[in-house]
Amino acid sequence: MDTVAVPDLVDVAPARRVEAGRVVLGVAACLVVVQLVVRGWVAGSGFFYWDDLILVGRAGSYSLWSADLLLYNHDGHFMPLAFATAWVVTRVAPLTWAGPVVSLVVLQLVASVAVVRMLVVLAGVRWAILVPLGFYLFCPLTLPAYAWWAAALNALPLQFALAWVIGDAVRLLETGRRRYAVSAVVVLGVALLFFEKSVIVPFAAFAVVVLVRHVDGLGSALRVVARRGVALWAGSGVVIACWLAGYLTVVDVSAVQTSPAELRDLLPDATSLGIVPTLFGGPWSWERWLPSTPWADPPGWAVVSAWVALCALVLLSMRARLRVGPVWLTAAVYVLVAQLPVALARSGPNTAGELMQSLRYFADIAVISTAAGALILRAQPRDHAPDSLPGTHAAEMLPGLRDLARGQRPRDRDADSRRRAPVGQGRVRALFAGTRGHAAAALPDSQCDATTPKDHTPGRLADSRRQLPAIHGRARALFAVGGRMTRWIPGMGSRIPVFVPGPRVTAVLGAVFLVSSLWSTTAFVKSWRINPTKTYVTNVKAALAGADGVPLLEQEVPWDVLNPTAYPQNLVSRVLAPIAEPNTFADSTPRLRMITDSGEIVAAAVWWNRSALPGPEGGCGYRIRGPQPSDIPLDGPMLEHEWTVQLNYLANEDGRITVSFEHGEPVGVPVREGLNTVYVRVIGSGSMLRISPRTTGLDLCLGVGPVGVASYDN
């Protein structure tokens with residue numbers, strides 16, 4: 001048997017690999033910490049906004065296990081765990097922004113760790129994974145959904161679920177261990193209870209695993225993935241079916257009515273003005289009309305530049321790596337699929353295209369883009385001129401060396417690959433069988449085939465031993481961590497080289513992306529921190545702390561704090577439920593005061609939109625006594641609305657009455673003995689008031705008084 005000493009081409013020392021892996025993971029951890037610092041600053045710069053007040057209001061009004069809290073249909077969303085999280089945070093820190101900030105940072109940490117795990121599973125522990133990791137950690141695409149607490153309670157669990165289930169699915173197919181299927185199904189079930197969009201998670205995981213087999217060059221991807229992952233796919237189907245039953249029970253699903261013209265208006269803006277620029281650290285500029293959220297507003301030249309950069313990236317990656325075309329195609333399909341439900345559900349004659357540019361609906365695209373980057377790293381580099389390497393005589397003599405020069409490595413992923421290449425794997429093992437950092441390749445006659453040079457005599461081997469050092473340096477340039485080619489050395493053959501950035505270029509591009517992303521993040525924060533809710537809540541908390549116990553009438557919060565379209569969630573008794581005492585708000589009060597738009601409590605009065613006509617009984621007006629209701633005519637009809645009635649009365653004793661419009665529900669009102677005034681909030685319409693005593697023996701005289709809008713700006 002003839003033996004050839006081969007120079008050390010790849011460092012295979014386990015200790016060095018472990019140490020290098022620890023360094024890579026340490027750098028990844030540092031990047032995550034930097035992201036949390038930046039995101040903590042973003043969260044701290046914000047405050048409760050819009051739907052946040054609905055969450056904390058319901059958390060302050062109901063118990064944790066109340067169906068009114070957990071099974072609430074929130075604008076078409078079924079999100080019991082989001083409401084449960086809001087309940088816990090509100091109980092710990094009622095209407096205090098520090099509570100949501102902590103929850104945001106914790107959820108972001110969990111999502112980021114899941115993404116790191118996904119990258120390690122897909123591409124291994126190597127320096128290259130820091131590129132897609134940095135993209136996910138700092139990409140502004142996830143920023144709008146993160147800054148808004150209510151949106152983050154949907155988006156961050158979805159991002160975690162996507163990354164975690166993708167990792168579990170790949171590990172399940174690699175190892176066959178059922179614990180990965182169980183883990184993925186549990187995570188899917190939890191994510192669905194945060195956000196209904198999580199239904200897409202198992203489909204995304206299936207697509208990624210199929211792509212893993214595809215980029216690895218393994219055949220029958222669909223069949224093998226479906227068969228080996230049946231526990232995960234079947235379990236996901238059961239979970240989705242159970243969740244769907246609850247979702248359809250809670251949410252009133254109506255037919256979506258839209259037109260192709262509306263979709264044509266919404267989808268291009270979301271992609272060109274929103275998603276594509278953020279892939280490169282954009283949009284660099286945000287626009288906002290209060291009380292809306294900021295939306296991406298990149299300059300025209302930046303949009304064109306982003307598209308050019310994206311096209312160049314796609315072309316270069318396809319030229320440098322094998323079988324990555326389907327990866328890009330799948331990512332593009334996901335971007336479209338992520339936009340369609342939003343466009344269908346939100347489109348209409350009153351829907352502005354800026355809604356799609358707000359980006360809060362598309363944060364999950366960042367996870368899929370990161371997974372796509374990992375798959376491209378995993379793909380085998382293209383072999384442009386392996387046969388034209390100087391001194392390839394030794395490669396012809398040792399077929400295993402040719403495989404290594406192409407960037408191939410022994411794969412033991414599945415039985416199919418083991419059955420396909422037993423001879424090649426044997427030669428690879430033989431190639432690395434030496435000691436002291438060198439390999440010894442043994443080729444007995446019994447193991448030679450048609451591809452093996454017949455002349456493998458000691459003299460021929462001695463010649464090859466002299467030629468191997470000549471290709472040693474060039475061969476090392478083809479290897480990275482795990483035996484993958486990272487760049488092509490010009491002059492090594494007659495074919496056109498493909499440019500793949502080296503470490504320095506990659507570091508520079510990464511720094512440019514980071515600076516660009518931080519610029520966009522800063523611009524977003526400057527726009528997002530303008531929030532009238534902060535002034536309102538801060539002042540009203542101080543005012544309620546010094547309240548004298550006299551109840552306030554119900555009223556709506558300012559329109560720029562929570563729009564009337566959210567009624568009745570925009571009532572002060574609901575928004576301020578976490579900090580208000582039980583008797584702070586009532587349907588009637590002996591002293592009319594209101595909360596101003598700035599959150600201060602001031603005296604108020606009732607406008608004379610209508611008034612009660614003078615009564616028929618001299619010295620009394622309208623006498624109200626006995627069990628029968630008394631009708632008090634007004635000087636004109638009232639439309640269906642919330643009105644304030646000022647009752648000027650004289651009562652012979654303390655008691656209770658009910659007050660209502662001709663068309664409306666009665667309101668219970670306490671009255672006191674003597675000459676007094678009470679202000680009553682009544683909802684209804686009609687041309688008269690209807691008043692009934694509820695206390696036996698109560699005799700009450702009613703005089704003239706206004707019926708109209710309560711206002712502090714008189």
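Residues numbered from 1 in each chain as written. Predicted model: local features only at pLDDT ≥ 70, side-chain atom pairs only at ≥ 80, totals over all residues. Heavy atoms only, no water.

Looking at the overall build of the protein
Put simply, the test is: Elements are defined by DSSP. Helices are runs of H or I of four residues or more, strands are runs of E of two residues or more, and each kind is numbered from the N terminus. Only protein chains enter the area calculation, which uses a 1.4 Å probe; residues under 20% of their type maximum are buried, those over 50% are exposed, and those in between are partly exposed. Whether two residues touch is decided by their heavy atoms; if any such pair falls within 4.5 Å, the residues are in contact. Shrake-Rupley sampling with a 1.4 Å probe provides the accessible areas, and residues are treated as covered by the protein chains on show and by no other component.
Looking only at helices and strands, one finds 25 helices and 19 strands in the protein. Looking at the protein as a whole, 51% of its 714 residues qualify as buried. Put simply, 76% of the contacts in the protein that link residues at least 6 apart link residues at least 24 apart. As displayed, the protein has an accessible area near 32000 Å², and 62% of this comes from carbon and sulfur atoms.

Notes on the packing of helix H10 (residues 201–215) against helix H11 (residues 221–228)
Note the threshold: All axes are obtained by fitting lines to C-alpha atoms, using only the stretch in contact for helices, and the reported angles, taken between N-to-C directions, cover 0 to 180 degrees. Angle categories: roughly parallel below 35 degrees, roughly antiparallel above 145, roughly perpendicular from 65 to 115, and oblique for all the rest. With the far helix as reference, a near helix turned anticlockwise by less than a right angle produces a left-handed crossing, and one turned clockwise produces a right-handed crossing. All residues other than Ala, Val, Leu, Ile, Met, Phe, Trp, Tyr, Cys, Pro, Asp, Glu, Lys and Arg, Gly among them, are scored as polar; the first ten of these are nonpolar and the last four charged.
Axis separation between H10 and H11 bottoms out at 9 Å; the angle between their running directions is 125 degrees. Taken together, the axes of H10 and H11 are oblique relative to one another. As H10 packs across H11, the resulting crossing turns out to be right-handed. Mapping the contact onto sequence places Phe206, Val209, Val210 and Arg213 in H10 and Ala221, Leu222, Val224, Val225, Ala226 and Arg228 in H11. Classifying every residue of the contact of H10 with H11 by side-chain character gives eight nonpolar, no polar and two charged.

A closer look at unusual backbone geometry
Residues Gly282 and Pro283 are joined by a peptide bond in cis, for which omega reads 10 degrees. Within the secondary structure, Pro283 sits in the loop between helix H13 (260–278) and strand S2 (286–287). The backbone of Asp75 shows a phi angle near 55 degrees, a positive value even though the residue is not glycine. Here Asp75 is to be found in the loop between helix H3 (67–70) and helix H4 (80–92). Residue Asp75 is classed as exposed on the basis of its relative accessible area, which comes to 53%. You will see that Arg323, though not glycine, has its phi angle at about 60 degrees, which is positive.

Quick word on H10
Just so we agree on the cut-off: What a helix should span is 1.5 Å times the count of its residues minus one.
With 15 residues, H10 should reach 21 Å at 1.5 Å per residue; the first-to-last C-alpha distance of 21 Å fits that figure. The element H10 is extensively covered by neighbouring structure, given that eleven of its 15 residues are classed as buried. When H10 is considered as a whole, its buried residues turn out to be Val201, Pro202, Ala204, Ala205, Val208, Val209, Val210, Leu211, Val212, Arg213 and Val215.

A closer look at a nonpolar patch on the surface
Note the cut-off: Like charges are joined within 9 Å and nonpolar side chains (Val, Leu, Ile, Met, Phe, Trp, Tyr) within 5 Å, but only among residues with over 30% relative accessible area and no salt bridge; these make up the patches. Here, a salt bridge means any Lys or Arg side-chain nitrogen found within 4 Å of an Asp or Glu carboxyl oxygen.
On the surface, a nonpolar cluster with roughly 230 Å² of combined accessible area is contributed by Val102, Val106 and Val110. Structurally, Val102 is set in helix H5 (residues 98–123). Overall, the relative accessible area of 52% leaves Val102 in the exposed class.

Considering H11
An α-helical turn contains 3.6 residues, so a residue and the one three or four places further along point in the same direction. To keep things clear, this is the line we draw: Regarding the arc, it is the one traced by the directions from the helix axis to the C-beta atoms.
Every buried residue of H11 is accounted for by Ala221, Val224 and Val225. Buried residues in H11, looked at end-on, bunch into an arc of 95 degrees, giving them a common side.

Overview of the pairing of strand S14 (residues 655–664)
Spelled out, the test is: At least two DSSP bridges between two strands are needed for those strands to be called paired.
Relative to strand S15 (residues 667–671), S14 is paired through five bridges, and the arrangement is antiparallel. Opposite Gly655, over in S15, you have Val671 as the bridge partner. The turn joining S14 and S15, which pair antiparallel and follow one another in sequence, is formed by two residues. Bridge count for S14 against strand S16 (residues 674–693) is seven bridges, and the pairing is antiparallel. Within the sheet, the bridge partner assigned to Ile657 lies in S16 and is Pro693.

Things to note about the environment of Ala511
Mapped onto the fold, Ala511 is located in helix H23 (residues 503–528). Measuring from C-alpha to C-alpha, the distance between Ala511 and Gly134 comes to 9.9 Å, with 377 residues separating the pair along the chain.

Some words on the environment of Val18
Mapped onto the secondary structure, Val18 falls in helix H1 (residues 14–45). Here the alpha-carbon distance between Val18 and Val125, two residues 107 residues apart in the chain, equals 9.3 Å.

Description of the nonpolar core
Short version of the rule: As used here, the term nonpolar core means buried Ala, Val, Leu, Ile, Met, Phe, Trp, Tyr and Cys residues forming a set that is joined through side-chain atoms within 4.5 Å.
Ranked by size, the top nonpolar core spans 152 residues in total, and within it Leu122, Trp149, Phe362 and Leu576 carry the most contacts. In terms of residues, this core owes the most to one element, helix H8 (residues 149–175), which gives 16 residues. Excluding anything up to four places from it in sequence, Trp149 contacts Phe48, Asp52, Val56, Ala86, Val89, Trp97, Pro100, Ser103 and Leu104. With 26 residues, the next largest nonpolar core counts Ile632, Phe661, Leu698 and Leu702 among its residues.

Overview of the pairing of strand S13 (residues 630–651)
By the bridge criterion, 16 bridges tie S13 to S16 in an arrangement that is antiparallel. What sits directly across from Leu647, in S16, is Val678. The sheet contact formed by S13 and strand S18 (residues 706–708) spans two bridges and is antiparallel. Across the sheet, residue Val645 finds its bridge partner in S18, namely Val707.

Description of the side chain of Ser112
Locating Ser112 in the fold gives a position in helix H5. Classification of Ser112 as buried rests on a relative accessible area of 0%. Setting aside its immediate chain neighbours within four residues, Ser112 contacts Val32, Gln35, Tyr136 and Leu137.

Observations concerning the packing of aromatic side chains
Stated precisely, the cut-off is as follows: Two aromatic rings, drawn from Phe, Tyr or Trp (for Trp, its six-membered ring), form a pair once their centres lie within 6.5 Å of each other, and the interplanar angle then sorts them: stacked below 30 degrees, edge-to-face above 60, tilted otherwise. To sit over a ring, a charge needs its Lys NZ or Arg CZ within 6 Å of the ring centre and within 35 degrees of the ring normal.
Throughout the structure, instances matching the rule amount to 17 aromatic pairs. With a centroid separation of 5.8 Å and 85 degrees between ring planes, the pair formed by Tyr72 and Phe83 is classed as edge-to-face. Of the two residues, Tyr72 is situated in the loop between H3 and H4 and Phe83 in helix H4; the sequence distance between them amounts to eleven residues. When sorted by exposure, Tyr72 lands in the same class as Phe83, which is buried. By the ring-pair criterion, three or more aromatic residues cluster together here, those being Tyr49, Trp50, Trp148, Trp286, Phe524 and Trp528. Looking at Arg117, its charged tip hangs above the ring of Trp164, at a distance of 3.9 Å from the centre.

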